[in-house]
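Commentary on secondary and tertiary structure
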Amino acid sequence: MQLTNRSKVVSKKEMTFVERMYLPAIFSGMMITFSHFFRKKPTIKYPEQTREFSGVFRGQHVLKRDENGAERCTACGLCAVACPAEAITMTAAEREPGEEHLYREEKYAAKYEINMLRCIFCGDCEEACPKEAIFLTDRKVDTMYNRGALVFGKDILVESLENPIDLSKRQTPEVKEFKKQKGYQHNETHDLNTRTEMDPKNPRPVQKKKLGNS
Amino acid sequence: MTLQSLLIYKGIMVLAVFAITLLVATYSTYAERKIAAFLQDRIGPDRAGPFGILQPLADAVKMFMKEEMIPSVSNKALFILGPSIAMLTACLTGVVIPWGKSLWIGGTEYPLQITDLNIGILYLFGVISLGVYGIMIGGWASNNKYSLLGGIRASSQMISYEVAMGLSIIALVMTTGSLSLREIAAQQSGWHWNVVYQPLGCLIFIICAFAETNRAPFDLPECETELVGGYHTEYSSMKLGFFLFAEYINMFISSAVISTFYFGGYNMPFIGRWVHDPNWLAVLGIVFLFVKISFFIFFFMWVRWTLPRFRYDQLMNLGWKILIPLSILNIVITGFVMYFTGSLN
Ligand code: SF4
Ligand code: SF4
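Residues numbered from 1 in each chain as written. Chains lettered and ligands numbered in written order. Predicted model: local features only at pLDDT ≥ 70, side-chain atom pairs only at ≥ 80, totals over all residues. Heavy atoms only, no water.

Attention now goes to the overall build of chain B. Within chain B, the regular secondary structure consists of 13 helices and 2 strands. Over its C-alpha atoms chain B spans a radius of gyration of 21 Å, differing by no more than 12% from the 20 Å that the globule rule assigns to 345 residues. For chain B, the proportion of contacts with a sequence separation of at least 24, taken over those separated by at least 6, is 80%. Total accessible area on chain B is roughly 15900 Å²; 72% of this is exposed by carbon and sulfur atoms. Once the 20 positive and 19 negative side-chain charges of chain B are each reduced to a mean point, those two points are 3 Å apart. (Helix = DSSP H or I, 4+ residues; strand = E, 2+ residues; numbered from the N terminus. Rg over C-alpha atoms; globule rule 2.2 N^0.38 Å. Contact = heavy atoms within 4.5 Å. Areas by Shrake-Rupley, 256 points an atom, 1.4 Å probe, with all protein chains shown as cover. Lys, Arg positive; Asp, Glu negative; His and termini not counted. Charge placed at Lys NZ, Arg CZ, Asp CG, Glu CD.)

So this is what it looks like as structure tokens:
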């Protein structure tokens, strides 16, 4: 069956004298290369210029904290199950009394590791997470000198209290609307892009602040 | 001219030609990379200095700093001799090129040519064919089958194309009646460029010049797709640099020879109407020659980045079955035309 009419039938007919001289063909070929001489070059001069990422670029993961600064992850392991590259491992632990400001749920991840060499940045972990804890961000994964350093633990993955990670690029209102329809209502209690400013000594909400890239 | 001033003048000429040859060859490497890049919609080297203008310096530093490797199984003396011969013969060819008319200083004539051999063409051919020894010896001494194949290819290619090249020049010698390059250049004043009288010969000569300089589409001796690096596979550091450099010098000299033989050398039509001072004419002649040379160097690169490499049997077929008969035909036609137009007497 013919799907397109782009296929060409190969013909092995004798070349004409002009064709066998090759010179006209060489000349036209040289004209083609010469026309490229003045084309606009698509080069991006990297260190000075950077290529603009698409708005939905999926880079290094972040483990989000909730509006009180407590870690959202409950070590349910759904992300690890969803991960097609089997990049995620974790160890769960039980929250002790008095740690409520550190961990949102009664069970939390004592150890949480993503092997960045295995990860294919598909975003399935993000989709699987019932607690809106793990997200892929627009940050690139740094290069390292050895393999071990590319197994990122909680020290790198969990966002710091001082520098919350902005997710507004990918978690747009449309995306949230979409997630709602897919049954993510359990986490729609607050806007992910606002967070309470914390006083490290007195972990109590002080003021609300709109997160940005600052 | 006294002996002393003659020596000084010749010394200056030799040094100047040597320096210019090296300079042009150095910047040809830069031009090659830039032109290759532009023909392929890229930018090319642009980090060393503005527009990458210092790139040849960086390359030279790199070449000198690299580790010098001589394979333990190679023939050491010949291994070193190879690139030296290639470089030496490449530098020797600039001697007979007339770079311009004569300068007149204090009533004395100073021709802008190192020496005007009356058999300049023969000298040129002799030295150019010596150049293949560098490649052959280097390829053989490496004791590596890729290098050896490269060396063999270089020698057979050189032999095949030298025949056609020589035959195409014979027709030129018939019309000009001289073997001296200065004479040939001087005859082409105004529009009497030899390419008008010898179009076929010119085409054959240019094709053979590509083959003689081992430039694409005839770069079979190095042919990186099948022979790793061909004759210079085992070479590193500045010895490799010499081989590559010799190629660029050869390209420069070939461009100069093509311009001198067929494209009027230092002559430019109509310039005599505006400029009368012989010294200025001589200086302008140098400029014109270098414009022509630059064009041909560009042409060499343009062809390299357009045409794919020949297969080895195609190369031999082209040389023996097409170019040689064509150049013989060219001689016959030239002879007939000269006989019937009465310029033969
Ligand atoms: S992005 Fe995909 S591959 Fe990477 S950790 Fe998440 S689920 Fe696994
Ligand atoms: S990141 Fe989400 S899915 Fe993964 S263990 Fe924590 S709560 Fe579960």
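After that view of the structure, there is still more to cover.
Let's shift gears to the overall build of chain A. Scanning chain A from N- to C-terminus turns up 6 helices and 7 strands. Walking chain A from its N terminus toward its C terminus, one meets helices and strands in the order α-α-β-α-β-β-α-β-β-α-α-β-β. Counting across all 214 residues of chain A, residues that qualify as buried make up 34%. Pairs at least 24 residues apart make up 70% of the contacts formed inside chain A by residues separated by at least 6 positions. (Buried < 20%, exposed > 50% of the residue type's maximum accessible area, 1.4 Å probe, protein only.)

Attention now moves to the confidence of the model for chain A. Keep in mind that low pLDDT regions are not for reading the predicted coordinates in detail. For chain A, the average pLDDT comes to 80, and 84% of its residues sit at 70 or higher. Taken together, the stretch residues 202–209 of chain A has pLDDT below 50 and engages in 19 contacts with residues farther than four places along the chain or on a different chain. (pLDDT = per-residue confidence, 0-100.)

On to the site of ligand 2, then. In the vicinity of ligand 2, 13 residues are found, and the nearest of them are A:C73, A:C76, A:G77, A:C79 and A:C129. Of the residues assigned to the shell around ligand 2, the class counts are 10 nonpolar, 2 polar and 1 charged. (Near = heavy atom within 4 Å. Nonpolar A, V, L, I, M, F, W, Y, C, P; charged D, E, K, R; others polar.)

This brings us to the confidence of the model for chain B. When pLDDT is averaged along chain B, the result is 84, and 99% of the positions lie at 70 or above. Here the predicted complex scores 0.74 on pTM and 0.73 on ipTM.

Of all residues adjacent to ligand 1, which total 13 residues, the nearest are A:C83, A:C119, A:C122, A:G123 and A:C125. In the shell around ligand 1, the residues fall into 10 nonpolar, 2 polar and 1 charged.

Once that is clear, we can look at the pattern of salt bridges. Charged atoms that come close allow side chains of opposite charge to pair. Scanning the entire structure with this criterion turns up 18 salt bridges over all chains. With a closest N to O distance of 2.8 Å, B:R309 and B:D219 form a salt bridge. A residue pair is termed long-range when its members are at least 10 positions apart, and B:R309 in the loop between α12 (278–304) and α13 (312–341) and B:D219 in the loop between α8 (199–212) and α9 (224–227) qualify at 90 residues. Residue B:R309 is classed as partly exposed on the basis of its relative accessible area of 24%. Bridged by salt links that share partners, the residues A:D66, A:E67, A:R104, A:E105 and A:K131 form one connected network. (Salt bridge = Lys/Arg side-chain N within 4 Å of Asp/Glu carboxyl O.)

It is worth spelling out the interface of chain A and chain B at this point. At the interface, 16 residues of chain A touch 16 residues of chain B. Across the interface of chain A and chain B, roughly 1400 Å² is buried in total on both sides, 71% from carbon and sulfur atoms. Contact with chain B buries area across many residues of chain A, yet A:M30, A:F37 and A:K41 alone supply 39% of it, more than any other trio. At the junction of chain A and chain B, the tally comes to 2 salt bridges. One salt bridge in this structure joins A:E48 and B:R47, with 3.0 Å as the shortest N-O distance. On inspection of chain A and its partner chain B, the count reaches 7 residue pairs in polar contact (both at pLDDT 80 or more). Looking at side-chain class alone, the side of chain A that touches chain B contains 8 nonpolar, 4 polar and 4 charged residues. (Buried area = accessible area lost by both parts, 1.4 Å probe. Polar contact = N/O pair within 3.5 Å; in protein donor to acceptor, adjacent residues only side chain to side chain.)

What follows is about empty space enclosed by the protein. Residue and element names in this part refer to chain B. Within the structure shown, the criterion is met by 4 cavities of 30 Å³ or more. Taken as a whole, the largest cavity spans an internal volume of roughly 330 Å³. I128, M158, E212, T213 and N250 are, among the 27 residues lining the largest cavity, the residues nearest its centre. Counting only elements with at least two residues in the lining of the largest cavity, the list comes to α3 (76–92), α4 (120–141), α5 (145–176), α8 and α10 (237–262). Classifying every residue of the lining of the largest cavity by side-chain character gives 18 nonpolar, 7 polar and 2 charged. (1 Å grid on protein atoms, 1.4 Å probe; cavity = no way out; pocket = protein on both sides within 12 Å on 5 of 7 lines; lining within 4 Å. Points joined across faces, edges and corners; volume = space filled by probe spheres on them.)

This paragraph deals with the packing of helix α2 (residues 23–37) of chain A against α12(B). The geometry of a pair of packed helices is captured by two quantities: the angle between their axes and the separation between those axes. Packing of α2(A) against α12(B) brings their axes to within 10 Å, and their N-to-C directions diverge by 105°. What the angle tells us is that α2(A) and α12(B) run roughly perpendicular. Contact residues: α2(A) offers A:M30, A:M31, A:T33, A:F34 and A:F37, while α12(B) offers B:F298, B:F299, B:W302 and B:V303. Looking at side-chain class alone, the contact of α2(A) with α12(B) contains 8 nonpolar, 1 polar and no charged residues. (Axes fitted to C-alpha atoms, helices over the stretch in contact; angles between N-to-C directions. Parallel < 35°, antiparallel > 145°, perpendicular 65-115°, else oblique.)

To continue, consider the nonpolar core. All names here are of chain B. Counting residues in each nonpolar core, the largest one holds 87 residues, and the members touching the most others are W99 and F261. Take this core: its biggest share by element is 14 residues, from α10. With near-sequence residues (within four places) excluded, F261 lies in contact with I121, L124, I169, L172, L181, I184, Q188, N194 and F205. (Core = buried A, V, L, I, M, F, W, Y, C linked by side-chain atoms within 4.5 Å.)

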